[in-house]
Every structure is written in structure tokens, then in C-alpha cells.
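Geometric and topological summary
So you can see what is in the structure, the chains are spelled out below.
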Amino acid sequence: MRARFGRIDIWTGVLALAWAVIILLLIWPLSTILFASFRDNDTGAFSLGNYVDVFMLRSYRRAIGNTLLVGFGGMAGSLMLGVSLAFLVTRYRVRGRALIQTLAVVALVSPPFIGAYAWIVLFGANGVARNALASFGVSLPSIYGATGVILVFSFKFFPHVFLIVSGALAAVNRSVEEAAESLGVSPMRRLLTITLPLITPSISAAALLTFVLSIADFGTPRLIGRDLSVLATEAFVQFGSEMGGNPGMASTLSLVLIAISMTLVALQRRATRRNVYAGNLLRRPEPKPAIGWRGVAMHIAAYAIVLVGATPAITAVIFSFRRTSGPVFQPGFSLQSYERVIATVSTPIWNTLVYSAASVITIVVIGTLIGYLVARRPQPATAALDGVLMIPYVVPGVVMGIAFIAQFNAPPVAITGTGLIIILAIFIRRLPYSVRSVAAALKQLSANLEDAAISLGLSPGRAFLKVTAPLIAPGIMAGALMSLVTAMNELSSSLVLYVGGTATMPVRIYLAVLDGEYGLASALASILLLLTMMAVGAAFALSGRRREVLL
């Protein structure tokens with residue numbers, strides 16, 4: 001492939017097209033909020049006033065502090081649960097391992113705000129579990145506030161840690177640990193001095209992912225945080241109060257949020273560069289029997305973690321069949337909530353399917369081409385493109401929504417209030433999933449076959465379509481279906497961009513919870529969960545049950 005470096009062919013045009021898309025839908029909108037953050041809201045002149053206010057006013061400093069609190073709290077809780085579960089499942093023969101993994105996937109694919117809603121139904125001020133325990137004289141602390149938000153984040157995001165760390169633990173060379181054991185090193189000391197350092201890169205990657213997900217989440221702090229102000233919710237409030245004007249403060253808060261994420265990314269990359277360990281995968285660890293009282297404790301711990309994590313999804317399904325009278329649940333079961341969904345809110349279901357399908361089709365086409373460039377055309381322009389594609393990972397949905405509104409609210413591109421703006425926002429946010437999946441599949445495939453096809457007379461474009469694309473089809477489909485899963489559950493950017501006729505299912509569920517229509521919210525959440533599980537099942541089937549499709 002190096003022989004073709006510098007030649008102008010179809011891939012040169014693809015590279016130019018990829019940069020055009022990235023500039024139009026990522027750099028241009030984000031540059032708008034960057035410039036807006038340095039403008040005075042009244043005069044439009046250059047000003048650092050917004051930044052001075054962010055770091056001088058107590059309310060904004062509190063929002064920054066709360067953001068760091070829930071970010072690090074959610075990260076710590078997720079690491080504690082995910083690493084513990086990964087160690088139990090990979091190092092010991094825990095019964096029902098497939099069931100544990102399935103319940104972890106259920107917790108992973110359920111939308112974050114459904115978790116917050118389910119915990120409110122169970123342990124809110126008038127929650128079912130709270131009232132049941134109160135009848136026995138048991139009083140529970142309030143679920144609302146920072147503690148509740150961190151609890152929801154911990155049980156929502158631990159599956160990410162579990163999947164990443166369990167893969168790393170399974171790849172540790174057994175010889176290293178056996179050598180330490182033969183030297184008389186105790187099990188705890190082997191864990192701390194041998195095993196954990198070997199999997200530090202995976203743990204740090206999982207920590208970064210859960211931190212970014214925690215500070216970017218919008219629905220959970222709004223639903224269960226009550227008076228807890230974080231940067232994501234504060235930016236949304238500031239944006240809403242400045243509709244039609246200069247969203248200077250919303251932009252400034254958004255950039256502070258991005259700066260926090262990028263700082264953690266830089267720290268994580270620096271830490272992993274200084275601690276690189278490689279194994280040969282020739283002698284994988286053998287799980288040990290989980291017997292005696294320790295075995296019982298291990299089983300209880302493993303099942304407790306995944307059952308609590310899956311509780312929100314299970315609760316939503318059960319309560320979707322509860323009889324209701326207005327917003328109040330009544331004894332007995334019925335299909336009332338589903339009848340209301342069909343009669344009154346079928347449009348959001350249709351919008352969700354159409355917007356998700358349209359964005360994912362575009363993601364597959366553009367993402368596959370960019371993934372090929374990243375994997376097969378190493379040069380400064382593609383390396384820079386690969387780096388820029390990290391931005392959608394760390395930019396919260398609220399920030400992206402605000403950037404789109406600010407840039408596409410007037411000619412030459414006036415699409416605010418249409419379904420197209422939601423499709424484009426979903427596309428640019430989920431494009432990296434397809435790019436990473438395709439690039440990973442291509443890196444496992446030798447370029448010799450494609451080179452042979454070109455040497456036999458096929459053009460580079462036809463060689464890709466006839467030879468390479470069929471061989472990486474599972475990677476393409478895995479990235480597409482993961483994009484579809486996250487697109488269907490997109491709330492943050494859609495909540496900023498929607499108007500009455502373009503509301504999606506996550507937006508409608510969020511509004512139903514705010515209005516106290518828990519039966520309707522449960523029915524919509526169950527339908528969304530069913531659609532998501534179907535997409536995940538298809539992703540597993542097409543990828544040969546590789547867990548990487550969910551990362």
C-alpha cells in the first residue's frame with residue numbers, strides 16, 4: 001500500500017470529501033460556539049466576560065464542582081463494580097456466566113435516563129419500594145441529589161468497564177502470574193503488583209469512558225438531581241433562556257465541559273504511553289473453581305451487581321403493564337399504557353425509526369470510506385482526520401445541539417426545526433463508531449488481496465468494492481448496528497433540536513417523566529428497549545458474538 005502513497009486516485013477524492021463533511025458538521029458548528037463564548041451578549045464585541053463570570057460567579061463554580069463530583073463519582077462507582085465483576089467472571093467458574101453477561105448487556109443498552117426514571121419509581125418520594133419498606137418501619141435516605149446521580153451512573157456505566165476489563169484479564173499471560181506464585185508471592189500481592197499493572201491501560205480506558213459519559217449525561221441530573229446543577233444542565237438552561245440572542249454563556253459552559261473531557265483524554269493517553277505491557281496470548285488464565293463460602297459470596301456478589309444494574313429495564317417493562325388512572329398507578333395489570341402510545345404518541349416512534357435509519361445509512365457509507373482511509377492510507381491528512389474524530393466522543397450531546405442551533409439557524413444553511421438537523425447531529429456524533437469498527441476490521445486483514453486485484457487491472461475503487469468490502473462486512477455491520485443502538489437512544493442533542501413534530505421517543509419519554517405520566521413513559525421505554533435489544537442481538541449475530549461491538 002505504501003507504493004500508492006501520494007498517488008491521486010479515487011481515495012484522494014474520498015479524503016477531500018471526508019474533510020468537507022467534518023468541517024461542515026463538526027468544526028464549523030463548534031467554531032461558532034467558540035466565537036460566541038468570546039462575544040459580549042449585548043454589544044457583540046470581543047469580551048472575556050463570559051469566562052470571568054464562569055470562574056467568578058458562585059453558581060457556575062458550583063456547577064463545575066458538581067460536574068467533577070458526579071464525573072469522578074460515577075467513574076469510581078463504575079470501576080469498583082465493573083472491575084470486581086470482571087475479575088469474578090474471568091478468574092473463577094461462576095455458574096450462569098452467560099446469564100450474567102446478558103444482564104450486563106441489558107443494563108448497557110437501556111437509555112441512561114430510563115435508569116433515573118426507574119430509580120424514582122422504586123425509591124422516589126412516593127416510590128413503590130420505599131413505601132413497602134416504610135410499612136416495615138424501614139426508612140431510606142432520599143434518592144435525589146448527587147448521591148442518587150452517582151448511584152445511577154455507577155450501575156448504568158459499569159457494563160462498559162466489565163466488558164473492557166474482562167477482555168484484558170482474559171488476555172493476561174498465565175506464565176507471569178505462575179512465576180510470581182512459584183516465588184511465594186501471596187494472591188493479594190500478585191493481584192496488586194502483577195495483574196493490575198498488566199491491565200492498567202484497559203482500566204484507564206474504561207475510567208476515561210465512564211467519566212466522559214457521566215459528565216455528558218443530561219437526563220439523569222435533570223430527573224434525579226433535582227437542585228443539582230452541572231455544566232450540561234446549566235448550558236441547556238442558559239441556552240433556553242437565550243433563544244434568539246447570543247448564546248454566549250451557554251457556549252462558554254459548553255467549552256468548559258469540552259476542556260474537562262479533553263484534559264482527561266490527554267492524561268489518560270499520557271498514562272498509557274508510560275505503562276505499556278504486551279502479552280503473547282499463548283497461555284491464557286484458567287478460571288478456578290468457586291467453592292466453599294467464598295464461592296457462595298462470589299456468586300452473590302456477581303448476581304447482585306448485574307441484577308441491580310438491570311433493575312431499571314426490568315422495572316420499566318413491569319410498570320408498562322400496570323393499570324393507571326391518569327398519572328397514578330392502580331392495582332392490576334392492563335394494556336392501557338400501550339393503547340395510549342398507539343393513540344397519541346405514535347409520531348415519536350416513527351420519527352425515531354426514520355431519523356435513526358437515515359443517519360445510520362449515511363454513517364455506514366461515510367464511516368466505511370473514512371475507516372478505509374485511516375487503516376490503509378497512512379499519511380498526515382488521514383492521521384489528523386483520525387484525531388479529529390475523537391472530538392465527537394468527548395463533546396456532550398447538549399453542546400453539539402447548541403452548536404447546530406447556533407450555526408444552522410439562518411442562511412446559507414437554515415435547517416433548524418426540521419428532522420434533517422436531528423439526522424445530521426446523530427450522524428456526526430455516531431460516525432466514530434463506524435470508523436473505528438471498519439478500521440479495526442481492516443487492520444486484521446492483509447492488503448495483499450486488494451493489491452493483487454489492482455495488479456490484475458481493477459481500479460482502486462472497484463478493488464475495494466469487489467474484494468475488501470465483502471471481507472470486512474461483519475465489521476461494517478457491527479459498527480452500523482452499534483450506531484443504530486445509540487442513535488435510537490439519543491436524548492441530549494435531540495432535546496435541544498426538536499420542535500413539536502420532530503420529537504423522538506427519548507424526548508417523549510423524558511417529557512412524560514417530567515409530566516408524571518409514568519405509565520406512558522414505561523410503555524415507550526419498553527418499546528425503545530425492545531428495539532434496542534433487537535439491534536444488539538443482530539450486532540452479536542453478525543459479529544460472531546464479539547463484545548467489542550458494544551464498546
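Quick note: structure is the one above.
Let us look at the structure shown here. Predicted, not measured: the structure shown is a model, and the values here were computed from it.

Right, let's talk about the pattern of salt bridges for a bit. Note on pairing: side chains with opposite charge can pair once their charged atoms come close. In total, this model carries four salt bridges according to the counting rule given. Taking the shortest distance from any N to any O, the salt bridge between R429 and E490 comes out at 2.8 Å. Here R429 is found in helix 20 (residues 419–443), whereas its partner E490 is found in the loop between helix 23 (473–488) and helix 24 (492–497), with 61 residues between them in sequence. Like R429, the residue E490 is buried in the burial classification. A salt bridge links R508 to E517, with the shortest nitrogen-to-oxygen separation between them at 3.8 Å.

This next bit is on the packing of helix 16 (residues 346–376) against helix 25 (residues 505–514). Each pair of packed helices can be summarised by the angle the axes make with each other and by the distance between the axes. The contact between helix 16 and helix 25 brings their axes to 8 Å, and the two run at 145°. Residue-level inspection shows P348, I349 and T352 of helix 16 in contact with helix 25, the latter providing M505, P506 and R508. For the contact of helix 16 with helix 25, the residue count by class is four nonpolar, one polar and one charged.

All right, on to helix 25 then. Counting buried residues along helix 25, eight of its ten residues qualify, which places the element largely inside the surrounding structure. Listing the buried residues of helix 25 in full gives M505, P506, V507, R508, I509, Y510, A512 and V513.

Moving on to the side chain of T382. Along the chain, T382 falls in helix 17 (residues 380–388). Residue T382 is classed as buried on the basis of its relative accessible area, which comes to 3%. Of the polar contacts made by the side chain of T382, one reaches the backbone oxygen of Q379; its length is 2.9 Å.

Only one face of strand 3 (residues 322–325) is buried, namely the one carrying R322 and T324, since none of R323 and S325 on the opposite face is buried. Taking the residues between adjacent antiparallel strands as the criterion, strand 3 and strand 4 (residues 328–333) are bridged by two residues, where G326 takes a positive phi near 65°.

Once that is clear, we can look at the packing of aromatic side chains. Tallied over the full model, the rule gives 13 aromatic pairs. Relative to Y338, the ring of F321 has its centre 5.2 Å away and its plane inclined at 40°; by these criteria the two rings are tilted. Note that F321 is positioned in the loop between helix 14 (292–320) and strand 3 and Y338 in helix 15 (residues 336–344), a separation of 17 residues in sequence. Ring geometry for F404 against F408: centres 5.1 Å apart, planes inclined by 85°, an arrangement best described as edge-to-face. Like F408, F404 is buried. Aromatic rings pair up to connect W11, Y372 and F464 into one cluster.

Rules of the game
Residues numbered from 1 in each chain as written. Predicted model: local features only at pLDDT ≥ 70, side-chain atom pairs only at ≥ 80, totals over all residues. Heavy atoms only, no water. Salt bridge = Lys/Arg side-chain N within 4 Å of Asp/Glu carboxyl O. Helix = DSSP H or I, 4+ residues; strand = E, 2+ residues; numbered from the N terminus. Buried < 20%, exposed > 50% of the residue type's maximum accessible area, 1.4 Å probe, protein only. Axes fitted to C-alpha atoms, helices over the stretch in contact; angles between N-to-C directions. Contact = heavy atoms within 4.5 Å. Nonpolar A, V, L, I, M, F, W, Y, C, P; charged D, E, K, R; others polar. Polar contact = N/O pair within 3.5 Å; in protein donor to acceptor, adjacent residues only side chain to side chain. Pairing = 2+ DSSP bridges. Phe/Tyr/Trp six-rings, centres within 6.5 Å; stacked < 30°, edge-to-face > 60°.

Geometry only, nothing functional implied.
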